[in-house]
Amino acid sequence: MAVGSIILIDLILSGDNAILIAMACRNLPPELRTKGIVWGTAGAIGLRMILGALIIYLLQVPLLQAAGALLLMWIAVKLLIQENDHGDVAGPDRLWQAIQTIIIADAVMSLDNVLAVAGVSQGKPGLLWFGLLVSIPLVVYGSRLFLTLIDRFPLILYGGSGILGWSAGKMLIHDPIIFAFLKNIGVSPLLLEETLVAAVVTVLVLAIGWHLNERQKKKTVLEKN
């Protein structure tokens, strides 16, 4: 039952990680994309194992989830921006930048995944490591599939950033200190609903990303003229 539950959790929660990796690798040259996916996934999984061992202590750090939410919002906007200056960046440097982005964002997003798997594993390290290892092929092949879709339908980028923004919104409202603060200053409980907060953060991320992209397009047109 525990093994089955862990596999099911990984199937459900690995999707956003795969989307993140695909978005981070989309601007890499074709010959470096597989390396970016593999090394990014390896680094992210290694960090998840460390998080799995420290999760009980991490959850006690004040404002950790709020800080993670803000970081994830920034990454979601960053990955959405259509950059036009990659020609000046060497392939290996771009690969390293992509891997760094994957590891940092995945560490933030993996708190829920690690916590869920840790709960199902019932304190058994073997089951915890098994759950983390099972997610590797799911993330790798999911990333490659999503990367193919991004190449054919660039508008999907907004959907991917929206998913990251949604995750950031949920993390933000789940932070006990932020939730207690908003409640104490008189914010209506209806406005503190997880779905509403996640939706607002998602819209904010997409709006900022769209605005920056439009500004970049206008700048490019002016430079050409």
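Model, not experiment: these values are computed from the prediction. (Residues numbered from 1 in each chain as written. Predicted model: local features only at pLDDT ≥ 70, side-chain atom pairs only at ≥ 80, totals over all residues. Heavy atoms only, no water.)

Attention now goes to the overall build of the chain. Secondary structure assignment for the chain yields eight helices and zero strands. Out of the 225 residues belonging to the chain, those deemed buried represent 41%. Here the contacts in the chain between residues at least 6 apart in sequence split such that 86% fall between residues at least 24 apart. Put simply, the chain shows about 12100 Å² of open surface, and 70% of that area lies on carbon and sulfur atoms. (Helix = DSSP H or I, 4+ residues; strand = E, 2+ residues; numbered from the N terminus. Buried < 20%, exposed > 50% of the residue type's maximum accessible area, 1.4 Å probe, protein only. Contact = heavy atoms within 4.5 Å. Areas by Shrake-Rupley, 256 points an atom, 1.4 Å probe, with all protein chains shown as cover.)

Now for helix H6 (residues 156–174). Over its 19 residues, H6 runs 27 Å from end to end, which matches the ideal 27 Å to within 8%, given 1.5 Å per residue. Taken as a whole, H6 has its buried residues at Leu157, Gly160, Ser161, Gly162, Leu164, Gly165, Ser167, Ala168, Gly169, Met171 and Ile173. (Expected span 1.5 Å × (residues − 1).)

Summarizing the sequence annotation, UniProt attributes the feature "transmembrane region" (unreviewed entry) to residues 6–25, 37–57, 63–81, 102–120, 126–143 and 185–210 in the numbering used throughout. Structurally, residues 63–81 comprises 89% helix and 0% strand, and the distance from its first C-alpha atom to its last is 28 Å. Between the C-alpha atoms that bound residues 185–210 there is a distance of 32 Å. The span itself is 65% helix and 0% strand. (UniProt positions renumbered as here; feature names shortened; annotations may be inferred.)

Here we come to the packing of H6 against helix H8 (residues 194–224). Orientation of H6 relative to H8, taken along the N-to-C sense of each, is 135°, at an axis distance of 7 Å. One way to sum up the angle between H6 and H8 is to call them oblique. You can see that H6 and H8 cross each other, and the crossing is right-handed. Where H6 abuts H8, its residues Tyr158, Ser161, Gly162, Gly165, Trp166, Ala168, Gly169, Lys170, Ile173 and His174 lie against Glu194, Thr195, Val197, Ala198, Ala199, Val201, Thr202, Val205, Leu206, Trp210 and Asn213. Among the residues making up the contact of H6 with H8, the classes are represented as 11 nonpolar, eight polar and two charged. (Axes fitted to C-alpha atoms, helices over the stretch in contact; angles between N-to-C directions. Parallel < 35°, antiparallel > 145°, perpendicular 65-115°, else oblique. Left-handed = near helix turned anticlockwise from the far one by under 90°. Nonpolar A, V, L, I, M, F, W, Y, C, P; charged D, E, K, R; others polar.)

Now for the pattern of salt bridges. Evaluation of the coordinates by the stated rule reveals one salt bridge. Lysine 217 is the salt-bridge partner of glutamate 214, the closest N and O atoms lying 3.5 Å from each other. With a gap of three residues between them, glutamate 214 and lysine 217 both fall in helix H8, about one helical turn apart. On the basis of relative accessibility, which here comes to 25%, the residue glutamate 214 falls in the partly exposed class. Classification of lysine 217 by relative accessible area gives partly exposed; the value is 49%. (Salt bridge = Lys/Arg side-chain N within 4 Å of Asp/Glu carboxyl O.)

As a further point, take the environment of valine 197. The topology assignment puts valine 197 in helix H8. Separated by 25 residues in sequence, valine 197 and leucine 172 place their C-alpha atoms 8.3 Å apart. Residues in contact with valine 197, not counting those within four places in the same chain, are Gly169, Ile173, Leu191 and Leu192.

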